[in-house]
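Report on the structure
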Amino acid sequence: MGIVGLVSMIVFYLWLARVGTYNEIYTTYIWPVSIGSDTFTIWREYALYFSLPMSLVGFVIGTLFGSLPTAPVGDSETVAGQGVRP
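The following paragraphs examine the structure supplied in this document. (Residues numbered from 1 in each chain as written. Predicted model: local features only at pLDDT ≥ 70, side-chain atom pairs only at ≥ 80, totals over all residues. Heavy atoms only, no water.)

1. A short note on a nonpolar patch on the surface
The test is simple: Residues qualify for a patch when their relative accessible area is over 30% and they have no salt bridge, like charges being joined within 9 Å and the nonpolar side chains of Val, Leu, Ile, Met, Phe, Trp and Tyr within 5 Å. Working definition of accessibility: Shrake-Rupley area with a 1.4 Å probe, residue cover restricted to the visible protein chains. Each reported salt bridge corresponds to a side-chain nitrogen of Lys or Arg within 4 Å of a carboxyl oxygen of Asp or Glu. Counting from the N terminus, the helices are DSSP H or I runs at least four residues long and the strands are E runs at least two residues long. For the exposure calls, accessible area comes from a 1.4 Å probe over protein chains only, and a residue counts as buried if that area is under 20% of its type's maximum, exposed if over 50%, partly exposed in between.
On the surface, Leu56, Val57, Phe59, Val60, Ile61, Leu64 and Phe65 cluster together into a nonpolar patch covering about 750 Å² of accessible area. The residue Ile61 is located in helix α2 (residues 47-65) in this model. Overall, Ile61 belongs to the partly exposed group, its relative accessible area being 45%.

This is the structure in structure tokens:
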């Protein structure tokens, strides 16, 4: 489910480019977030902190809801793997 991490990283970059401000000193996008009276800054370089957990979530969902293909009925009855049924 590596695609989930890639997609979440792309969405994070696009979102940050839209709502963040470009800082010429650090040459990156920064998004100030206020929670109550505290202000935090989210930098573009923090994408790993968002994409890695999303990859884990995608892996867990794939593991829980995914299934392996099953062999057709009767294939286990071949003689010595020669494809000949007794």
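2. Remarks on the pairing of strand β2 (residues 28-35)
To keep it simple, the criterion reads: When DSSP finds two or more bridges between a pair of strands, those strands are recorded as paired.
Here strand β1 (residues 21-23) runs beside β2; their pairing, made up of 3 bridges, is antiparallel. In the sheet register, Asn23 faces β2, and the bridge partner there is Thr28. Between β1 and β2, which pair antiparallel one after the other, the connecting turn spans 4 residues, and Thr27 there sits at a positive phi close to 50°. Alignment of β2 against strand β3 (residues 38-43), held across 6 bridges, turns out to be antiparallel.

3. Quick word on the sheet that holds β2
What counts, and what does not: Angles shown run from 0 to 180 degrees and are taken between the N-to-C directions of axes, each axis being a line fitted to C-alpha atoms and, for helices, limited to the stretch in contact.
Spatially, the 3 strands line up as an open sheet ordered β1-β2-β3, and their pairing is antiparallel. The outermost strands of the open sheet, each flanked by one partner alone, are β1 and β3. Direction aside, the axes of adjacent strands within the sheet are offset by 40° on average.

Function cannot be inferred from these measures alone, as they are strictly geometric.
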